[in-house]
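Survey of secondary and tertiary structure
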Amino acid sequence: MLKLLLLPILTLVIGVGAGLGAGYAGLNPQVNGLAMRLESLEDLQEQARKANAEVDSLIIRNSDLELELEAARAQLQDLDLLREQLDALRAPDVQLLGELITEEIVENGRSVGYTLNVNLMNFGLEDARNVEVTITWVQLTVCGCDSEPGHVEVITLESIPGRTLEELNLVYSFTLARDFVSVHAGVDWAQ
């Protein structure tokens, strides 16, 4: 009887063992799939950490490049300013050099005109074309309390080469109603 009783128990144990074995065999692919997914997630996390580190590195590099770009822009502005200054040095620049010298010409006790000595310098490297010099003799008004233009002469020169001094010694035949107090000149030119 013990045999009879052991047989069903043994069958039950074997059946349960076989069932658990079959269940494990059925669950094993799912467990294996979950394990692979877990590994895959860990790989993705590692890749994400590496990508974040690379992004951080690129952000730092970008900041460095922005600083370099700003420095290069500042240097470019400095170079543009130097180029403008060099262009200004090359361009014609006609100026009066020294003082205007004028003297009255007197014949037989009367004024018949004036001499004029003017020095013009083209400081630029390029020729100044169509140079126009306006000379104004300024005289006192009748009351003597103010001044007004007494006589105006315009001198036109076709060209003054770069880095050249042009000396003008001219004679003008005109008279002023009153004595002049000063002589002014203005210079204009084209390239």
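Residues numbered from 1 in each chain as written. Predicted model: local features only at pLDDT ≥ 70, side-chain atom pairs only at ≥ 80, totals over all residues. Heavy atoms only, no water.

Check the secondary structure of the chain and you find one helix and seven strands. When the helices and strands of the chain are read in sequence order from the N terminus, they spell out α-β-β-β-β-β-β-β. Classification of the 191 residues of the chain by burial places 17% in the buried group. If you take every contact in the chain between residues at least 6 apart in sequence, the share linking residues at least 24 apart comes to 70%. For the chain, the accessible surface area stands at approximately 14,100 Å², while carbon and sulfur atoms represent 58% of it. (Helix = DSSP H or I, 4+ residues; strand = E, 2+ residues; numbered from the N terminus. Buried < 20%, exposed > 50% of the residue type's maximum accessible area, 1.4 Å probe, protein only. Contact = heavy atoms within 4.5 Å. Areas by Shrake-Rupley, 256 points an atom, 1.4 Å probe, with all protein chains shown as cover.)

Turning next to the side chain of threonine 136. Mapping threonine 136 onto the fold places it in strand β4 (residues 128-140). If we ignore the near neighbours within four places in the chain, the residues touching threonine 136 are Pro149, His151, Val152, Ser182, Val183 and His184.

Going through the model one piece at a time under the given rule, you end up with eight salt bridges. With a closest N to O distance of 3.9 Å, aspartate 80 and arginine 83 form a salt bridge. Here arginine 83 and aspartate 80 lie together in helix α1 (residues 2-90), a separation of three residues that amounts to about one turn. You can call aspartate 80 partly exposed: its relative accessible area is 31%. A relative accessible area of 43% places arginine 83 in the partly exposed class. Linking aspartate 127 and arginine 129 is a salt bridge whose minimum nitrogen-to-oxygen distance equals 3.8 Å. For aspartate 127, a relative accessible area of 31% translates into the label partly exposed. Owing to a relative accessible area of 39%, arginine 129 belongs among the partly exposed residues under this scheme. (Salt bridge = Lys/Arg side-chain N within 4 Å of Asp/Glu carboxyl O.)

Ranked by size, the top nonpolar core spans 18 residues in total, and within it Leu116, Leu120, Val131, Ile135, Trp137, Ile155 and Leu157 carry the most contacts. Elements represented by at least two residues in this core include exactly β3 (110-122), β4, β5 (147-160) and β6 (164-172). Ranked by residue count, the leading element in this core is β4, at five residues. Residues in contact with valine 131, not counting those within four places in the same chain, are Val94, Ile155, Thr156, Leu157, Ile160, Val187, Asp188 and Trp189. (Core = buried A, V, L, I, M, F, W, Y, C linked by side-chain atoms within 4.5 Å.)

With antiparallel pairing, the three strands of this open sheet are ordered in space as β5-β4-β7. Two strands close off the open sheet at either side, each with one partner strand: β5 and β7 (180-190). Taking the axes of each pair of neighbouring strands and ignoring which way they run, one obtains an average angle of 15° across the sheet. As paired elements, β4 and β7 share nine bridges and run antiparallel to each other. Residue pairing in the sheet places tryptophan 137 in a bridge with valine 183 of β7. (Pairing = 2+ DSSP bridges. Axes fitted to C-alpha atoms, helices over the stretch in contact; angles between N-to-C directions.)

Any functional reading would require information beyond the geometric quantities listed.
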